[in-house]
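Observations on the model geometry
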There are 2 protein chains.
Amino acid sequence: MAEPPAEQSKSALKKAEKQAKMAAEKAAKAAKQSLAVVGGKKTDDIIGITVSKSQNFSAWYQEVVLKAEMIDYYNEISGFFILRPASMYIWNTIRKWFQERIEAMEVEEASFPMFLSSKSLEKEKDHVEGFAPELAWVTKAGDKDLEVPVAVRPTSEAVMYPYFSKWIRSHRDLPLRLNQWNSVVRWEAKQTTPFLRAREFLWQEGHTAHLTEELAGEEVLQILELYAGVYEQLLAVPVVRGRKTEKEKFAGGYYTTTVEGYIPSNGRGIQGATSHCLGQNFSKMFDITVEDPAPKAGEGAKHIHVWQNSWGLSTRVIGVMVMIHGDDKGLVLPPRIARLQVIIIPVGINKNTSPEDKTKHYDKLQELKDSLKKAGVRVDYDTREGYTPAWKFNDWELKGVPLRLEYGPKDAAQSVVSFARRDTGEKGTIAISSIATEVPALLEKIQSDMYNKADAAFRSHRLVITNWDEVVPALDSKNVVLIPHCLEEKCEDRIKEITKGAPDETDGPADQKAPSMGMKSLCIPFEQPEGIVKGETKCLNPECTAFAEKWCMFGRSY
Amino acid sequence: MAEPPAEQSKSALKKAEKQAKMAAEKAAKAAKQSLAVVGGKKTDDIIGITVSKSQNFSAWYQEVVLKAEMIDYYNEISGFFILRPASMYIWNTIRKWFQERIEAMEVEEASFPMFLSSKSLEKEKDHVEGFAPELAWVTKAGDKDLEVPVAVRPTSEAVMYPYFSKWIRSHRDLPLRLNQWNSVVRWEAKQTTPFLRAREFLWQEGHTAHLTEELAGEEVLQILELYAGVYEQLLAVPVVRGRKTEKEKFAGGYYTTTVEGYIPSNGRGIQGATSHCLGQNFSKMFDITVEDPAPKAGEGAKHIHVWQNSWGLSTRVIGVMVMIHGDDKGLVLPPRIARLQVIIIPVGINKNTSPEDKTKHYDKLQELKDSLKKAGVRVDYDTREGYTPAWKFNDWELKGVPLRLEYGPKDAAQSVVSFARRDTGEKGTIAISSIATEVPALLEKIQSDMYNKADAAFRSHRLVITNWDEVVPALDSKNVVLIPHCLEEKCEDRIKEITKGAPDETDGPADQKAPSMGMKSLCIPFEQPEGIVKGETKCLNPECTAFAEKWCMFGRSY
């Protein structure tokens, strides 16, 4: 999870950040105004997204997460965000899903302090170098200076491993598997973005110790598969499983595995979540050993250093989901993680409707809700007075509710409800007698359709390329590329350099400068195309003389 | 949850802290040594608690939480503790129970940043004064000084309420009810104790806004009842519900309700959890208003300030439970919060047992486990090789497992299992044919017996006193007292002063100095004894000339 140094100059950054904030504040003001009217009197104002996803993706994203009430900006301190109930519901759904599965793996929960002494941190040199620039330092308590300043954890390897050393006394204590759900602080210099990059974020961090490399390695992949499951099964987001290059691996680790996502709107890759094998690097520094349970014949008792893993999944997943599925009407939520899966809206009720008819109609809404609830659907109806159905449609579309059911006198006459899918806009009717089976089935269909659509987009923009001249044009057409590569760090640095476009010095939004960004390696996919012959196929970088080791996925990225 | 200034001098504190730490480290070393032996070869060493609860309560407590693997000391930074899986299981059980109930009240989850700008903090004067001495200040990020230092939240009123002001635009947005599960930091100068007082602790903090005082007040009590439920129903700990005096209420609040516990071993009261009505104090400072939905006839639209509550329950609950139920063998867990409710230990299997008989016997253990699991019991067996049954008994007793089942050839012959209750030591047998009903019933009986025992202890040490001369002797006999009181802050200060014993300057553990501590008010119990006549009954403080307002519960306390 270490990040390379900032790409853009500081002044460009400040400018971009200011612009993003202004856009967001404008959006917030607009939202407040229209809602202020709503609070006071009847209104038909449309509270929608004012920017198109295709025209200004970055502004669109910021407006969606703000107006759908997922986040708010923490104006008091820059780079921090408030996660509102609409986000926390999703995060808790993911938490439950993941927690259940790691419990079955006998991972136990712990809670370590949020502060870190500089002494522990300095034990693993690569690790401290990776995190030092982003550490927040507490130097004072009350009005007194602390004798020794303490840092807020950016991750907890250095907090936990002195205790692994203390607690692991024999191979019988292995595997030791601990996980904690917490927040960490990385005081980023880069521009922050809701969910994707924040100075504080929620995550889980798992830390485990094993007797052998093989056992550690098995777990790394088991966890990676769970991370892929969070994306694919819950968020309807396709990911590519792979291994990070040496340049991009976790600071101080042995190797890093990753699930990588793709944002069709700008063609950028995005790291989804990482599962690291730390090897014996930390166990050597923190002196975590056990007596060898199977020493070689003739040899005495020998101490061996344990093999360690660490793995983390953060609230970033929510941002990726929003970016992939959202549209110009706002958020589009996959049914499995939607707090509200179905909203029922009465239509055709107006001032000419008699009070008796209205009561009767609303009783029927209650019946519809009750039978859907009984069928396990998260459902509500919207009987707010003083709002037109059209206003309500927009409001729930903005918030991403997967399925809208409309129910009016005409529907009643035919014993049906009308539906509208949020993802495709498709409309139709369902017989009331079968809603308890058809609505859940439709929700599952929406879930899989959303995944398939995103998967098709990713597949068609993952280009296998063997001619260097095609690389930059491919990036410019919003693709990521798979190229034969030597996996050397220097070569990667050079590739980033030579794939940069001319600097764009115009005053546009930061996002639109993206095309000038150089590409970096996203991962070495586990699923490798055919065609590399060892000692024969050249690394695709025209300046590189080495042979290719693997197909490596490169792209412009977050 | 504000705390009055430290009672003891700094040097006394340091001495006490050093002693506590030395004791704990000695215990840890002992634990490590005996376990190190266990790891390597067979042993019958008894890994028990080395201090008696009645002789040195404070050292006993620290040994229990350490040896039962509930916590570890965070040696890197003083005043911080690691919560190990044995604690986190309990905390998560409480979390689930409470979360379910506040969800039913339509409280939603949010996550606000952990940092606080001094600007927001300073808005409510009493509030900032209460917390300022304990704030941890971040002044540096990486190697750069922050332009404006930020504090780690000690509680989130000042973090959240600017957003309440932004989000609440109409009375239709009320009630707004948010809760977050997080950790907060209060850099205490006082001696820290695992669970009871730590510089960082886990808690939930609920923050809500309502249209009227009445609605706010209803919720304050609903939440208080849930807090009482956590203690009484889950932890088998009796509490007294009441209201804090003006002196002891939350800094900046309107009134504070509380559940108060009692530690029989030293006769001290302990605050369990608090539910505050903040009144309109914060809404006035943070400008949180709505238009009056029911203005008086003839008057124009009027803005009214919302009524706010905040309420919190922390990991302190675990410490109270340990102190009340534990004994000289270690932890005693109430079954409802025990991760392992039943441990099955094979007995009578020795080197004379044939491999076939052993296999047969162990198969039967598996059957026992399976049928208990099916009956919803959290159960395991202990078939570790190289340990005697006696050693295993001690090990599981130390860890507090509520019920031990022993199963040997003699039991097998009679188709029974032998049992031993952890709380009372009572032994008996249960027919195997009925374990699926009898074991759950026995666990529930253990739960209620534990509560009843603790409740009887509290009731018999809550003395209603109307003669001042009886007060200090009552405290010295480990009681808390209910006395007629004027509820004036100055009178409380004076009572604390005149109930102090002579300072104990000997070199004993801090805990044994407790008898010299003055008493403070714990709460004004909702359940009031008879006997106070307004304008007639005098405040019991002999130096006070005022009339008594209420029966107030006073005691030496944590």
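Residues numbered from 1 in each chain as written. Chains lettered and ligands numbered in written order. Predicted model: local features only at pLDDT ≥ 70, side-chain atom pairs only at ≥ 80, totals over all residues. Heavy atoms only, no water.

If you check an unreviewed UniProt entry, chain A appears there as proline--tRNA ligase from Amorphotheca resinae ATCC 22711. What the UniProt record of chain A gives under Catalytic activity (unreviewed entry) is the line "tRNA(Pro) + L-proline + ATP = L-prolyl-tRNA(Pro) + AMP + diphosphate". In its Sequence similarities (unreviewed entry) section, the UniProt entry covering chain A states "Belongs to the class-II aminoacyl-tRNA synthetase family." (UniProt positions renumbered as here; feature names shortened; annotations may be inferred.)

Moving on, we get to the packing of aromatic side chains. Applying the stated criterion across every chain, the model contains 46 aromatic pairs over all chains. Between Y254 of chain B and W307 of chain B the ring centres are 6.0 Å apart and the planes differ by 55°, which places this aromatic pair in the tilted class. Here W307 of chain B lies in strand β14 (residues 307-314) and Y254 of chain B lies in the loop between β9 (240-243) and β10 (255-263), a separation of 53 residues in the sequence. Every member of this aromatic cluster is reached through a ring pair, and the members are W91, F98, W181, Y227 and W311 of chain A. The ring of Y381 of chain A has K369 of chain A lying over it, and the distance from NZ or CZ to the ring centre is 4.9 Å. (Phe/Tyr/Trp six-rings, centres within 6.5 Å; stacked < 30°, edge-to-face > 60°. Helix = DSSP H or I, 4+ residues; strand = E, 2+ residues; numbered from the N terminus. Lys NZ or Arg CZ within 6 Å of the ring centre and 35° of its normal.)

Let us now look at the confidence of the model for chain A. All names here are of chain A. The share of residues in chain A with pLDDT of 70 or more is 89%, and the mean pLDDT across the chain is 91. Confidence over residues 1-10 falls short of pLDDT 50; this stretch has 19 contacts with residues more than four positions distant or in other chains. Within the model, the stretch residues 31-46 combines pLDDT values under 50 with 20 contacts to residues more than four positions away or in other chains. Here the complex is predicted with pTM 0.91, and the ipTM for its interfaces comes to 0.90. (pLDDT = per-residue confidence, 0-100. Contact = heavy atoms within 4.5 Å.)

Moving on, we get to the interface of chain A and chain B. Between chain A and chain B, the residue contacts involve 62 residues of the former and 62 residues of the latter. Carbon and sulfur atoms supply 56% of the area that chain A and chain B bury against each other, a total of about 5,400 Å² over both sides. On inspection of chain A and its partner chain B, the count reaches four salt bridges. For R339 of chain A, the salt bridge identified is with E108 of chain B, shortest N-O distance 2.4 Å. (Buried area = accessible area lost by both parts, 1.4 Å probe. Salt bridge = Lys/Arg side-chain N within 4 Å of Asp/Glu carboxyl O.)

What follows is about the sheet that holds strand β15 (residues 342-346) of chain B. Residues and elements named next belong to chain B. A sheet is described by the order of its strands in space; here five strands give the open sequence β16-β15-β17-β18-β19, paired in mixed fashion. The sheet is open, and its two edges are formed by β16 (379-381) and β19 (427-431), each paired on a single side. Neighbour-to-neighbour, the strand axes of the sheet open up by a mean angle of 25°, direction not taken into account. In this structure, strand β17 (residues 403-407) lies alongside strand β18 (residues 416-421), joined through four bridges in antiparallel fashion. Counterpart to L403 in the pairing with β18 is R421. (Pairing = 2+ DSSP bridges. Axes fitted to C-alpha atoms, helices over the stretch in contact; angles between N-to-C directions.)

To continue, consider the pairing of strand β9 (residues 240-243) of chain A. Residues and elements named next belong to chain A. What you see with β9 is a clean split: V240 and G242 sit on the buried side and R241 and R243 on the side with no burial. Strand direction decides the pairing type here: β9 and strand β22 (residues 520-525), joined by two bridges, are antiparallel. Its bridge partner being in β22, R243 is matched across the sheet by I524. (Buried < 20%, exposed > 50% of the residue type's maximum accessible area, 1.4 Å probe, protein only.)

Once chain A has been moved 0.0 Å along the axis and rotated by 180°, it coincides with chain B to within an RMSD of 0.0 Å. The operation mapping one copy onto its partner corresponds to a two-fold rotation axis. When each C-alpha of chain A is compared by its distance to the rotation axis, V138 of chain A comes out closest, at 2.1 Å. Comparing interface residues between copies, 100% of those in chain A also sit at the interface in chain B, which points to an isologous, same-surface contact. (Least-squares fit on C-alpha atoms with pLDDT ≥ 70 in both.)

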